[in-house]
Amino acid sequence: MSNVSKYKTFRQVAWAGSFEGHTTLGLGVRARLPFKVYTLAGPGSGSKLVIDVAHQW
C-alpha cells in the first residue's frame with residue numbers, strides 16, 4: 001500500500017497482484033470524479049500506465 005495522505009483526491013492505493021501478464025491494483029478516491037486512463041511509451045520497449053483523476057468537478 002502506498003501513502004497518499006498528502007493528496008486531496010486519493011484515499012488509498014492498493015496492489016492486488018499480478019498473474020499471467022495482468023496486474024491488478026485499486027485506487028480509492030474521495031468522490032466520484034472524472035478520470036482518464038492511457039499509456040505512454042516507457043523506457044526501452046516498455047510502457048507506463050497513466051491514471052489522470054480530476055481534483056474537482
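First, a word on what this report is: a plain description of the structure on this page. Remember, predicted model here, so these are calculated numbers, not experimental data. (Residues numbered from 1 in each chain as written. Predicted model: local features only at pLDDT ≥ 70, side-chain atom pairs only at ≥ 80, totals over all residues. Heavy atoms only, no water.)

**A few points about the pairing of strand β3 (residues 35-41)**
In regular strands, side chains alternate between the two faces of the sheet. With respect to burial, β3 is a largely exposed element, only zero of its seven residues being buried. Where β3 meets strand β4 (residues 47-53), seven bridges bridge the pair, whose relative direction is antiparallel. Opposite Tyr38, over in β4, you have Val50 as the bridge partner. Between β3 and the antiparallel strand that follows it, β4, lie five residues; Gly44 among them carries a positive phi value of about 65°. (Buried < 20%, exposed > 50% of the residue type's maximum accessible area, 1.4 Å probe, protein only. Helix = DSSP H or I, 4+ residues; strand = E, 2+ residues; numbered from the N terminus. Pairing = 2+ DSSP bridges.)

**Observations regarding a nonpolar patch on the surface**
Together, Trp15, Leu25, Leu27, Val29, Phe35, Val37, Leu49 and Ile51 make up an exposed nonpolar region whose accessible area comes to about 770 Å². Here the nonpolar patch gets three residues from one element, more than from any other, and that element is strand β2 (residues 22-29). Checked against the element boundaries, Phe35 lands in strand β3. (Patch = residues over 30% accessible without salt bridge, like charges linked within 9 Å, V, L, I, M, F, W, Y side chains within 5 Å. Areas by Shrake-Rupley, 256 points an atom, 1.4 Å probe, with all protein chains shown as cover. Salt bridge = Lys/Arg side-chain N within 4 Å of Asp/Glu carboxyl O.)

**Some details on the packing of aromatic side chains**
The description of an aromatic ring pair uses the distance of the two centres, along with the angle that the planes make with each other. Using the criterion set out here, one finds one aromatic pair in the structure. Plain terms: the ring middles of Tyr7 and Phe10 are 5.8 Å apart, the flat faces sit at 65° to each other, and that makes the pair edge-to-face. Residue class for Phe10 comes out buried when judged on its relative accessible area of 19%. (Phe/Tyr/Trp six-rings, centres within 6.5 Å; stacked < 30°, edge-to-face > 60°.)

**Let's talk about the pairing of β2**
The pairing of strand β1 (residues 10-19) with β2 spans eight bridges and is classified as antiparallel. The residue of β2 that forms the bridge with Val13 is Leu27. Connecting the antiparallel pair β1 and β2 is a turn made up of two residues, with Glu20 showing a positive phi of about 50°.

**Quick notes on the environment of Phe35**
Looking at Phe35, the relative accessible area reads 57%, which means it is exposed. If we ignore the near neighbours within four places in the chain, the residues touching Phe35 are Asp52 and Val53. (Contact = heavy atoms within 4.5 Å.)

**What about unusual backbone geometry?**
If you check the backbone angles, Glu20 has positive phi at about 50° while not being a glycine. Following the sequence through the fold, Glu20 ends up in the loop between β1 and β2.

**A closer look at the side chain of Thr9**
Along the chain, Thr9 falls in the segment before β1. Given a relative accessible area of 2%, Thr9 falls into the buried group. A polar side-chain atom of Thr9 sits 2.9 Å from a polar atom in the side chain of His55. Residue contacts for Thr9: discarding those within four places in its chain leaves Gly28, Val29, Arg30, Leu33, Val53, Ala54 and His55. (Polar contact = N/O pair within 3.5 Å; in protein donor to acceptor, adjacent residues only side chain to side chain.)

Honestly, it's all geometry; don't read function into it.
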